[in-house]
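Examination of the molecular architecture
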Amino acid sequence: MTASLTVAERRIGLLISILLALMGLVMAAAAGHGVMSLHGFMALALGLGLAFILGGSLYEAEAPADRLSRYYDAPTRFGISMTLIWAMIGMAVGVWVAALLYWPEGTPAWPATSFGRLRPVHTTGIIFGFGGNALIATSFHVLQRTSRARLADSVSPWAVLIGYNLFCVWAVTGYMLGSTQSKEYAEAEWYADIWLVVIWVTYFVLYLRTLARRNEPHIYVANWYYLAFILVVAMLHIVNNLALPVQWTSAESFPIWAGVQDAMVQWWYGHNAVAFFLTSGFLGMLYYFLPVRSGRPIWSYRLSIVSFWGIVFFYIWVGSHHLHYTALPFWAQTLGMTFSIMLLVPSWASAGNAIATLNGAWHKVRDDATLRFMFVAAVFYGLSTFEGSFLAIRPVNSLSHYTDWTVGHVHSGTLGWVAMIVFGAIYTIVPQLSGKTDMASATAVEWHFWLAVSGTLIYVISMWNAGITQGLMWRAYEENGALSYSFVESVEAMAPYYLLRTIGGGLFLAGAVICAWNCRVTMRRAVGHATDRPLVAQPAE
Amino acid sequence: MSNTTDPKELPGADPKTGERAIDPVSGYDTTGHDWGGITELNTAFPKIVIWALIVTHVYAVIAWILLPAWPTGNSYTPGLLGLDQGEQAIEGYQNLTDNRQNWMSRFESAEFDALQSDDALMALAMPAASRLFADNCAACHGTNGEGGPGFPALTDNAWLWSGDPEEIALTLHHGINTEDPDTRYAEMPAFDWMDRSERASLAQFVADLPDGSVDFESPAGILFTENCSSCHGEAGEGGLEIGAPSLTDTSVIYGQDVDTVMATLKQGRMGVMPAWSGRLSDAEINLLTVYVARLGDDAGDPQ
């Protein structure tokens, strides 16, 4: 990190680190005990550690002057490493909680490891830790390449990445200690939420400033998607997390929303987290890495425009399909359902556009596991968006809701689509940033691909079976009007599927571990920088 | 034609920039935009996408016409079908209840003997009762009512209170040690005031009670008679119908080994059986009463 900074930049970094340490100290001292004070100490330790590193390097050699004629890739490299670390943490916890559903007796007698606390560690670790780091890291890469310009400055990318990871660590450690807002995908408490807003605004500003310096007349569609991701996630995050802290010195708060309004805001957020966190940003990834890796032009410019605006417009409406047959008014459910259906075409247009882009490069798909990751991602994107629209239809939802079908649907999206496109992107970026043409082991990439595909299929198919079985058992009545099954029987019927799901998840995790190892070896053997350069060197500030 | 897709090597492309007017694979020209090598084709908008857009929008519009859909300030467009999800839920529930009512209504009466002797009714009702039991009672009493540590077995015909259906129904309605004003109340007091050595001798005595190898004239036996018999019966045989179990049979709630009895004596016990009046209908409670009574009967007399 420090070698790529000038002395002036190191000074700024040092100042920010000291401020972070002070903030941590104030938090720890004011809270005195409990989760918030522990989180204060974490910030203090991080701030001191960074200050130590930056301070110690203040008088070392400056970053080379020609750095301004190169892309700034060091933050991307760090972000990719964090992506892989979070992948292993998040997926391992996922496999563990999956195993607990099969084997509940395995729960240790330690509250921090109970199912209820570990589940959000899994979701946050994967969505924010793995997905978020991948999005930020690749966005820096894509933004610079498609703008043919270097990042607008060298300190804020670090602030964004490090600050963002502090948020993730705060979140998951908080859950394990029992601190939660009890809102799905928004469990982190109020001060972590405020911290994320600060980070996110920094990110947004950095993105816009860099875009403004672009040397290309047009903004490539990938950037539109990344921008939609950044902007809308900020809006969702702020509205859903509006809460009154019980006091300024503890990690408890009350949401300002109540009752069915709270549910609606939560699922407006929840579904748009799927849309703008888990879809929009990753579509940006797809739109960049697929044409780069396949060497093919995007199949249809018009389709990409229509998909973009279609997805952005329709997605915002569909959250209420999470609340079918609840206290939410019928009309709001109808709107959620119909907009979900209309959303299908823009979604499929993106998937179709991606697959048609591969026309003329199918031999590469066959030979190159990296491109195959992207192809499979596009296919699963199509499958899971179709499934999503289908499940949003009220009568279908009456069968599927509250069952493991939903879990299967989510994982066809997250494993099949999100994670696959991330791995495709990683296998493209990592060698490039290491000054190489290939990953250290092509065989390992091949292994990873097949582990990931088989893991996903086993997972998704077992959850389809599980969900449909549950749905049918719950609604089965005898002729005499009595229920055919007790709930416990439907739980017992899940055992084989839960076992299979654990195995599928385990395969997927094994693939991710291989990926992390492969990336580490490749990065360690790095010989210099990425060879591509901005069109115009950036003027020194 | 070679197999390459490198833009620079494709026919018709400028060998330096790779730019070209027409993409040879698809036959379409590009838009002319270029982001460090990424280009886009000027493909005509696919007809099928337009059709798909039309179809999905038509679906949406039809749904908006038929169903409640758009908010209008204080109200909303009700839709031609005039559906109301509250009414639909009540109606759906009513339909199910109607099917059940044929036989369920019989259980509104608490004539347990009459109910139990109607074999046809029992054949219809008992499978339903077993599901009702599994959904509401199994979490504590075990899937088949076999009990577990802290929760009495209902299968063994050894009762804290009574196996008489009227009494079981009373337990189900009001629970044991609950907030219900008519709750049954039963407490095993703590004997923490006793000497530890006395408690230990008592514990040994109680543990030996089931096989009868005890002497009521021994110091422990006298302690038992003085402190315990009032609730557990002269010889610990229970059956006083005050919630204190027999200590001479093999059925246990917490356990009748020395260590568990020591714990019972030290801290006392006061198990809670929830009251079901507010949660289950009277007919359902009567149905479960018959079910539980038959569970006990099937087991025959306790040893």
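Predicted model, so just to flag it, every value in this text is computed and none were measured.

Criteria and cut-off values
Per chain, residue numbering runs from 1 following the sequence as it is written. Following the order in which they are written, the chains are lettered starting with A and the ligands numbered starting with 1. The model is predicted, so local features are restricted to residues of pLDDT at least 70 and side-chain atom pairs to those at 80 or more, both for listing and for counting; the totals for chains, interfaces and linings are taken over all residues. Think of the side-chain values as coming from all heavy atoms in the structure, minus any hydrogens and water. Centres within 6.5 Å are what make two rings of Phe, Tyr or Trp a pair, Trp counting through its six-membered ring; a difference in plane orientation under 30 degrees is then read as stacked, over 60 as edge-to-face, and the rest as tilted. Working definition: with a 1.4 Å probe on protein chains only, accessible area under 20% of the residue-type maximum means buried, over 50% means exposed, and in between means partly exposed. Two conditions define a charge located above a ring, namely a distance within 6 Å from the ring centre to NZ of Lys or CZ of Arg, and an angle within 35 degrees of the ring normal. For helices, the fitted line uses only the C-alpha atoms of the stretch in contact; every axis is such a line through C-alpha atoms, and the angle between N-to-C directions lies from 0 to 180 degrees. Counting from the N terminus, the helices are DSSP H or I runs at least four residues long and the strands are E runs at least two residues long. Angles below 35 degrees are treated as roughly parallel, those above 145 as roughly antiparallel, those between 65 and 115 as roughly perpendicular, and all remaining angles as oblique. Pairs of residues are marked as contacts when any of their non-hydrogen atoms sit within 4.5 Å. Three classes are used, and their members are as follows: Ala, Val, Leu, Ile, Met, Phe, Trp, Tyr, Cys and Pro are nonpolar, Asp, Glu, Lys and Arg are charged, and the others, Gly among them, are polar. When two parts are put together, the accessible area they lose, computed with a 1.4 Å probe and summed over both, is reported as buried area. Between Lys or Arg on one side and Asp or Glu on the other, a salt bridge is scored when a side-chain nitrogen of the former is within 4 Å of a carboxyl oxygen of the latter. Throughout this description, a polar contact denotes any pair of N or O atoms lying within 3.5 Å of each other; where both atoms belong to protein, one of them has to be capable of donating a hydrogen while the other can accept it, and for residues adjacent in sequence the pair is counted only when both atoms sit in side chains. UniProt positions are given in the numbering used here, feature names are shortened, and annotations may be inferred rather than shown by experiment. We call a crossing left-handed when the near helix sits turned anticlockwise from the far one by less than a right angle, and right-handed when that turn is clockwise. Count a disulfide wherever a pair of cysteine sulfur atoms falls within 2.5 Å. Each domain span listed reflects an automatic or database assignment of domains.

1. Focus: the packing of aromatic side chains
Counted under the stated rule, the structure contains 51 aromatic pairs over all chains. Geometrically, the ring pair formed by Phe 449 of chain A and Trp 450 of chain A is edge-to-face, given 4.9 Å between the ring centres and 85° between the ring planes. Judged by its relative accessible area of 2%, Phe 449 of chain A is buried. Here the aromatic residues Phe 128, Phe 140, Tyr 164, Phe 167, Trp 200, Tyr 203, Tyr 207, Tyr 226, Phe 229 and Phe 277 of chain A are joined through ring pairs into a cluster of three or more. Over the ring of Trp 161 of chain B we find Arg 184 of chain B; its NZ or CZ atom is 4.5 Å from the centre of that ring. Over the ring of Tyr 254 of chain B we find Arg 269 of chain B; its NZ or CZ atom is 4.1 Å from the centre of that ring.

2. A short note on the packing of helix α7 (residues 221–240) of chain A against helix α9 (residues 301–315) of chain A
Residues and elements named next belong to chain A. Interhelical geometry of α7 versus α9 gives an angle of 5° and a closest axis separation of 11 Å. What the angle tells us is that α7 and α9 run roughly parallel. Residue-level contacts link Val 221, Trp 224, Tyr 225 and Ala 228 of α7 to Ser 304, Ile 305, Ser 307, Phe 308, Trp 309, Ile 311 and Val 312 of α9. Looking at the contact of α7 with α9 residue by residue, the class counts come to nine nonpolar, two polar and no charged.

3. Here's the deal with the interface of chain A and chain B
Across the contact, 57 residues belong to chain A and 49 residues belong to chain B. Counting the surface lost from both chain A and chain B, the interface buries some 4500 Å², and carbon and sulfur atoms represent 66% of this. Sorting the residues of chain A by area buried against chain B places Phe 330, Trp 331 and Asn 480 of chain A first, and these three jointly supply 14% of that buried surface. Applying the counting rule to chain A against chain B returns two salt bridges. The residue Glu 478 of chain A makes a salt bridge to Arg 131 of chain B at a minimum N-O spacing of 3.3 Å. For the pair chain A and chain B, the interface holds 21 residue pairs in polar contact (both at pLDDT 80 or more). At the level of elements, α8 (259–294), α9, α10 (330–357), α11 (362–367) and α16 (487–492) of chain A are the ones that each hand at least two residues to the side of chain A that touches chain B. At eleven residues, α10 of chain A tops the list of elements feeding residues into the side of chain A that touches chain B. Of the residues that constitute the side of chain A that touches chain B, the class distribution is 32 nonpolar, 16 polar and nine charged.

4. Let's talk about the UniProt feature "domain: Cytochrome c" (unreviewed entry) in chain B
Residue and element names in this part refer to chain B. As recorded in UniProt, the sites labelled "domain: Cytochrome c" (unreviewed entry) are residues 124–210 and 207–296. With 46% helix and 0% strand, residues 124–210 has its two end C-alpha atoms placed 39 Å apart. Secondary structure across residues 207–296 comprises 44% helix and 0% strand; the distance between its end C-alpha atoms is 24 Å.

5. A look at the packing of helix α14 (residues 404–433) of chain A against helix α15 (residues 442–474) of chain A
All names here are of chain A. In the contact formed by α14 and α15, the axes pass within 7 Å of each other and the chain directions differ by 165°. Our classification of the angle between α14 and α15 gives roughly antiparallel. In this structure, the crossing between α14 and α15 has a hand that is left-handed. Taken together, the residues of the contact of α14 with α15 break down into 15 nonpolar, eight polar and one charged.

6. Considering the state of the cysteines
Residue and element names in this part refer to chain A. Applying the stated criterion across every chain, the model contains zero disulfides over all chains. The structure places no disulfide on Cys 515, whose sulfur is separated from the nearest cysteine sulfur, that of Cys 519, by 4.0 Å. Here Cys 515 falls in the buried class, since its relative accessible area comes to 0%.

7. Re the UniProt feature "binding site: heme c 1" (unreviewed entry) in chain B
All names here are of chain B. Here the UniProt-annotated "binding site: heme c 1" (unreviewed entry) positions come out as Cys 137, Cys 140, His 141 and Met 273. Separation in sequence by 137 residues is not matched in space for these annotated residues, since their most distant C-alpha atoms are only 10.1 Å apart. Secondary-structure assignment places Cys 137 in the loop between α4 (119–136) and α5 (138–141). Look past the residues within four positions of Cys 137 in its chain and what remains in contact with it is Leu 132, Gly 142 and Leu 288. Among the secondary structure elements, His 141 is positioned in helix α5.

8. A few points about the domain arrangement of chain A
The domains assigned to chain A are domain 1 (1–65) and domain 2 (376–535). One C-alpha centre belongs to domain 1 of chain A, the other to domain 2 of chain A, and the line joining them spans 37 Å.

9. Examining the side chain of Thr 76 of chain A
All names here are of chain A. Mapped onto the fold, Thr 76 is located in helix α3 (residues 74–102). Residue Thr 76 is classed as buried on the basis of its relative accessible area of 0%. Apart from residues lying up to four places away in sequence, Thr 76 is in contact with Ala 137, Phe 140, His 141, Ile 429 and Leu 433.

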